[in-house]
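Structural description and commentary
Each chain is listed here by its residues.
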Amino acid sequence: MTKEKQDRTYFCEEPWVGIFSVQADGTVRCCPCYAQAVIGNIHESSPREIWNSEALIKMREAFANGRLQQPCRGQLCPVVAGS
């Protein structure tokens, strides 16, 4: 990552308001268009537990602090691209 991108702050609202996808095997992903970060499994956790999952909380904390979470790096989404 270039120095310019390291100094940049990032914010994405997906972890707070995004539409999550549920795959046939029950895997729940945040940001299904880009990062496809796995945040839980509907067969193992309730929707409330997934909404409050450690993965999603870490993603929210990172964006609240302007940091880009690992699953988002290298993606072509507008947040990462700076659009």
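In short, a report on the structure. (Residues numbered from 1 in each chain as written. Predicted model: local features only at pLDDT ≥ 70, side-chain atom pairs only at ≥ 80, totals over all residues. Heavy atoms only, no water.)

**Notes on the environment of proline 78**
Here proline 78 is to be found in helix H5 (residues 78-81). In sequence terms proline 78 and cysteine 12 are 66 residues apart; their C-alpha atoms lie 9.3 Å from each other. (Helix = DSSP H or I, 4+ residues; strand = E, 2+ residues; numbered from the N terminus.)

**With respect to the side chain of arginine 29**
Mapped onto the secondary structure, arginine 29 falls in strand S2 (residues 27-30). Although arginine 29 is buried, it makes no salt bridge; aspartate 25 carries the closest opposite charge, 6.7 Å away. A polar contact of 3.2 Å, which involves the side chain of arginine 29, links it to the side chain of glutamine 23. Aside from chain neighbours lying at most four places away, what touches arginine 29 is Phe20, Ser21, Gln23, Gln36, Ala37, Val38 and Ile39. (Buried < 20%, exposed > 50% of the residue type's maximum accessible area, 1.4 Å probe, protein only. Lys, Arg positive; Asp, Glu negative; His and termini not counted. Salt bridge = Lys/Arg side-chain N within 4 Å of Asp/Glu carboxyl O. Polar contact = N/O pair within 3.5 Å; in protein donor to acceptor, adjacent residues only side chain to side chain. Contact = heavy atoms within 4.5 Å.)

**A look at the pairing of S2**
Of the two faces of S2, the one lined by Thr27 and Arg29 and the one lined by Val28 and Cys30 are each fully buried. As defined by bridge partners, S2 adjoins strand S3 (residues 37-41) across four bridges and the pair is classed as antiparallel. In the strand pairing of S3, valine 28 is matched with glycine 40. (Pairing = 2+ DSSP bridges.)

**Side note on the side chain of arginine 60**
Its place among the elements puts arginine 60 in helix H4 (residues 54-64). No salt bridge is formed by the buried arginine 60; the nearest opposite charge belongs to glutamate 61, separated by 9.0 Å. When sequence neighbours within four positions are dropped, the list of residues in contact with arginine 60 reads Pro15, Trp16 and Trp51.

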